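These are the residues of each chain, in order.
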Amino acid sequence: MASPALLGQLLAGGATQRTEGVLGKIEAALKEKDLGNQHFAKEDNPKALYFYHRALLNINGMTGLTPEESKKVQEIKVSIQNNMAATYLRTGCTAKAIAQCTKVLESDSGNVKAIFRRGKAYAQEGNLERAEEDFARAERLDPNDKLVKKELGTVRQRLKQSEQKSKKFFANMFDKMSKEESPESSNSNGKLTAASDPPSPADFIDKDDYEPSAI
């Protein structure tokens, strides 16, 4: 339900048919959003997403709004999209979670929830660089958020481990390549010997057929 304050703001100066239409759509969106939240709390993710979608349908494409009405509609939309992102994140639909968070950030670039949830989605996908970028950005916006700090520390540790594995892999690969390309090799006694000389034309002649006749 719309709050009394919101009702008062929208109806200030006298109710009109247009204002009542706007108010009706906002109330419907808030009701659908509330139902989505209830199903989210029950971990009924499909139903939560169903009602969040219905909530957005009520307010998408609204035109001719006053600045105050437009602001309220945008706030509701951002809240719904953030909730949808949380639902997609919980179900492992990381691409859809990222898409919803990005939509939020297009209209509210400093929305810490959207930045944090997008970082979580990137981390789930294994895109640790993008995850670190979002978590670091969220930390700059809200330095006291312990959860943000925890996730940032975790992803940086994963990045460090990944870098160490890469270094070890390439070190082993180059070591193997250098051994294969070395002009020297070890004999059975462990002593280094020169690589074999290239074959001469005589090596390809059958010596039994080439034996000179006795004089």
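Residues numbered from 1 in each chain as written. Predicted model: local features only at pLDDT ≥ 70, side-chain atom pairs only at ≥ 80, totals over all residues. Heavy atoms only, no water.

## Side note on the overall build of the chain
Defined as follows: The helix count covers DSSP runs of H or I at least four residues long, the strand count covers runs of E at least two residues long, and both are numbered beginning at the N terminus. Exposure classes here rest on a 1.4 Å probe applied to the protein chains alone. A residue is buried below 20% of its type maximum, exposed above 50%, and partly exposed in between. Any two residues having at least one pair of non-hydrogen atoms within 4.5 Å are treated as being in contact. Each accessible area is a Shrake-Rupley estimate made with a 1.4 Å probe; only the visible protein chains count as cover when residues are assessed.
Counting its regular elements, the chain contains 9 helices and 2 strands. Buried residues in the chain amount to 31% of all 215 residues. Considering only intrachain contacts with a sequence separation of at least 6, the fraction spanning at least 24 residues in the chain is 51%. For the chain, the accessible surface area stands at approximately 14,300 Å², while carbon and sulfur atoms represent 52% of it.

## Observations regarding the nonpolar core
When a protein is soluble and globular, its nonpolar side chains tend to lie buried together. Which entries qualify depends on this criterion: Residues grouped as a nonpolar core are buried Ala, Val, Leu, Ile, Met, Phe, Trp, Tyr and Cys residues, joined through side-chain atoms within 4.5 Å.
I59, I80 and M84 are the most contacted members of the largest nonpolar core, which has 39 residues in total. Where this core is concerned, the elements lending two or more residues are α2 (17-41), α3 (45-59), α4 (67-90), α5 (94-107), α6 (112-125), α7 (128-141) and α8 (146-181). Here this core takes 8 residues from α4, the largest share from any one element.

## Things to note about the pattern of salt bridges
Note the threshold: By salt bridge we mean one thing: a side-chain nitrogen of Lys or Arg within 4 Å of a carboxyl oxygen of Asp or Glu.
In total, this model carries 6 salt bridges according to the counting rule given. Measuring nitrogen to oxygen at the nearest pair gives 2.9 Å for the salt bridge that ties R118 to D134. Of this pair, R118 sits in helix α6 while D134 sits in helix α7, and the two are 16 residues apart along the sequence. Residue classification places D134 among the buried positions, given a relative accessible area of 4%.

## What to know about α4
What counts, and what does not: In this scheme, a helix's expected span is set at 1.5 Å multiplied by one less than its residue total.
Counted at 1.5 Å a residue, the expected span for α4 with its 24 residues is 34 Å, and the 35 Å between its end C-alpha atoms agrees. A positive phi of about 85° marks G92, the residue just after α4.

## Brief notes about the packing of aromatic side chains
Note the following rule: Pairing of aromatic rings covers Phe, Tyr and the six-membered ring of Trp, with a centre-to-centre limit of 6.5 Å; geometry is then stacked below 30 degrees between planes, edge-to-face above 60, and tilted otherwise. When the NZ atom of lysine or the CZ atom of arginine is within 6 Å of a ring's centre and also within 35 degrees of its normal, the charge is said to sit over that ring.
Summed over all chains, the structure comprises 2 aromatic pairs. Pairing Y50 with F51 gives two aromatic rings, centres 5.0 Å apart and planes at 75°, and the pair type is edge-to-face. A residue is classified by how much of its surface remains accessible, and Y50, at 43% relative accessible area, is partly exposed. Since its relative accessible area comes to 15%, F51 is described here as buried. If you follow R90 out to its NZ or CZ, it ends over the ring of F40, 3.8 Å from the centre.

## Examining the environment of F116
Position of F116 among the secondary structure elements: in helix α6. For F116, a relative accessible area of 14% puts it in the buried group. The sequence separation of F116 and L152 amounts to 36 residues, and the corresponding C-alpha distance is 9.7 Å. Excluding its chain neighbours within four sequence positions, the residues that come into contact with F116 are F135, L147, V148 and E151.

## Here's the deal with unusual backbone geometry
Here the phi dihedral of E43 falls at roughly 65°; this positive angle occurs in a residue that is not glycine. One can find E43 in the loop between α2 and α3.

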